[in-house]
Amino acid sequence: RSGVPMLRALTVLSQQSTDPTLSAVLTELKGRVEDGEPLGQAMARYPRVFSDMGINMTRAGAEGGFLEDALDRVGTFTELQEDLKGRTVSALAYPVFLFGVGSVVITVLLVFFVPKFDMMFDRLREKGEMPWVTDALLAFSRMLQSYGWIVLVAIVAAVVLLRAKLASEAGKEWADRVKLKIPVLGGILMNLAVARFCRVLGTLLGNGVPILKSLEISRTATGNRLLSHSIADAAENIRAGDSLASPLRASGHFPITIVEMISVAEESNSLDSVLPSIADGLEKRTFRRLDLFVRLLEPVMLLVMAMLVMLVVLALLVPVIRSSTAM
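So, a few notes on the structure that sits alongside this text. (Residues numbered from 1 in each chain as written. Predicted model: local features only at pLDDT ≥ 70, side-chain atom pairs only at ≥ 80, totals over all residues. Heavy atoms only, no water.)

### Regarding the packing of aromatic side chains
For the coordinates displayed, the defined rule picks out one aromatic pair. Here Phe197 and Phe254 contribute two aromatic rings whose centre-to-centre distance is 5.8 Å and whose plane-to-plane angle is 70°, an arrangement assigned as edge-to-face. In this pair, Phe197 is assigned in helix α9 (residues 185-206) and Phe254 in the loop between α12 (245-251) and α13 (256-267), connecting sequence segments 57 residues apart. A residue is classified by how much of its surface remains accessible, and Phe254, at 4% relative accessible area, is buried. (Phe/Tyr/Trp six-rings, centres within 6.5 Å; stacked < 30°, edge-to-face > 60°. Helix = DSSP H or I, 4+ residues; strand = E, 2+ residues; numbered from the N terminus. Buried < 20%, exposed > 50% of the residue type's maximum accessible area, 1.4 Å probe, protein only.)

### Considering the environment of Leu39
Looking at where Leu39 falls in the secondary structure, it is placed in helix α3 (residues 39-43). Each C-alpha atom of the pair Leu39 and Arg59 lies 7.4 Å from the other, and the pair is 20 residues apart in sequence. For Leu39, the residues in contact, after removing those within four places along its chain, are Met6, Leu29, Val33, Thr58 and Leu67. (Contact = heavy atoms within 4.5 Å.)

### Here's the deal with the side chain of Ser230
Looking at where Ser230 falls in the secondary structure, it is placed in helix α11 (residues 225-239). Taking relative accessible area as the criterion, Ser230 reaches 7% and is therefore assigned buried. Setting aside chain neighbours within four positions, we find Ser230 in contact with Ser251, His253 and Phe254.

### Description of helix α2 (residues 20-34)
Look at α2: 21 Å from first C-alpha to last across 15 residues, which is about the 21 Å you get at 1.5 Å a residue. Taken as a whole, α2 has its buried residues at Ser23, Val25, Leu26, Leu29 and Val33. Buried residues in α2, looked at end-on, bunch into an arc of 165°, giving them a common side. The exposed set on the far side of α2, more than 90 degrees from its buried face, consists of Pro20 and Thr21. In this structure, the buried residues of α2 make contact with α1 (6-16) and α3. The N-capping residue of α2, defined by a side-chain oxygen 2.9 Å from the backbone nitrogen of Thr21, is Asp19. One or two residues past the end of α2 sits Gly36, with phi positive at roughly 100°. (Expected span 1.5 Å × (residues − 1). Arc of directions from axis to C-beta. Polar contact = N/O pair within 3.5 Å; in protein donor to acceptor, adjacent residues only side chain to side chain.)

### Details of helix α4 (residues 52-64)
Spanning 13 residues, α4 covers 18 Å between terminal C-alpha atoms, matching the ideal 18 Å at 1.5 Å per step. Within α4, burial applies to Met53, Gly54, Ile55, Asn56, Met57, Thr58, Ala60 and Gly61. Taken together, the buried residues of α4 touch α3, α5 (67-113), α9 and α10 (211-218). One side-chain oxygen of the residue at the start of α4 lies 3.1 Å from the amide nitrogen of Gly54, identifying that residue as Ser51. Positive phi appears at Gly65, one or two residues downstream of α4, with a value of about 80°.

### A few points about a nonpolar patch on the surface
Together, Tyr94, Phe97, Val101, Val105, Leu302, Val309, Met310, Val313, Leu314, Leu317, Val318 and Ile321 give the surface a local cluster of nonpolar side chains, amounting to about 1,000 Å² of exposed area. Mapped onto the nonpolar patch, the elements with two or more residues apiece are α5 and α14 (271-326). The biggest single contributor to the nonpolar patch is α14, with eight residues. For Phe97, the location among the structural elements is in helix α5. (Patch = residues over 30% accessible without salt bridge, like charges linked within 9 Å, V, L, I, M, F, W, Y side chains within 5 Å. Areas by Shrake-Rupley, 256 points an atom, 1.4 Å probe, with all protein chains shown as cover. Salt bridge = Lys/Arg side-chain N within 4 Å of Asp/Glu carboxyl O.)

### Concerning the nonpolar core
Formed by 29 residues in total, the largest nonpolar core has its most connected members in Leu244 and Ile262. Put simply, the parts of the chain that give this core at least two residues each are α9, α11, α12, α13 and α14. Tallying contributions element by element places α9 first for this core, with eight residues. Setting aside anything within four residues of it in sequence, one finds Ile262 in contact with Leu244, Ala245, Leu248, Leu271, Leu275 and Ile278. Counting 16 residues, the second largest nonpolar core, distinct from the first, contains Phe117, Leu144, Met305 and Ala315. (Core = buried A, V, L, I, M, F, W, Y, C linked by side-chain atoms within 4.5 Å.)

### A look at the packing of α5 against α9
Viewed as axis vectors pointing N to C, α5 and α9 meet at an angle of 170°, and their least axial separation amounts to 11 Å. Judged on the interaxial angle alone, α9 and α5 are roughly antiparallel. When α5 is examined against α9, the residues Arg73, Phe77, Leu80, Gln81 and Leu84 are found in contact with a partner set consisting of Leu192, Arg196, Arg199, Val200 and Thr203. When the residues that make up the contact of α5 with α9 are grouped by side-chain class, the tally is five nonpolar, two polar and three charged. (Axes fitted to C-alpha atoms, helices over the stretch in contact; angles between N-to-C directions. Parallel < 35°, antiparallel > 145°, perpendicular 65-115°, else oblique. Nonpolar A, V, L, I, M, F, W, Y, C, P; charged D, E, K, R; others polar.)

Following this line, the structure appears as structure tokens:
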């Protein structure tokens, strides 16, 4: 935007980057552009560094003559996404920490503490006065002691197999479907994906990119394959002369209020200005829901962990009290 030639700009960026990997990529990028390769095409060679949305926006900007605006939009959008990711991770950090610590405490109790009571309860067991909860707890503890390594190996194997499945296209689609079915959290993830789509589509339309090309680019920004397929179907309908709102409504993935706003914006030919406003409002509402969800999740996690620990303690105390009473 300041009139610095692209090759000079890439050179400065590669020299100023504090990340050695990014610096090396920018140097290679400069070499490819110097050889006549378009910037967007050169960026596509580094999918681990540049997102699909960033690559497609750069290509559209280069083709439409608004590369400076396109890059600026990509930078702003990336910052918004990183801010969202940071807020989500920080919000979920404490509940995850509670779950991890609670799981370790309960496992230590079952493996090292509970077995010490087994021999103490032999007399009650012979008389048939052992509470079933205590019997079940002791049996589970013995199982962990004897076959704990098998359980650990099974968990590790399951994680490895799950990661292998998620690496495939079918696995990724399955994961996206499962995410949206999670109670409360699924709706939050869906709204955030819809907000991303609206923001990118509005940005592209505002920069003069044709709607079919804009839909092709914005569908990659949703981060969810189910929504991406719905948007691809909408693009086919538009190609056949239909409106954008109708196929989005038929997909069932987009909130009715959002679809209605898109329909009104289509009729008034103001999609480029309305879509970013939709994204802003949807993100604000979703952030409020996310904050409420996390605030409720923390006490629920504490309550569940406390109940599990109390169950272990009571299962051990009841037989001790019975033995004392009998004596």
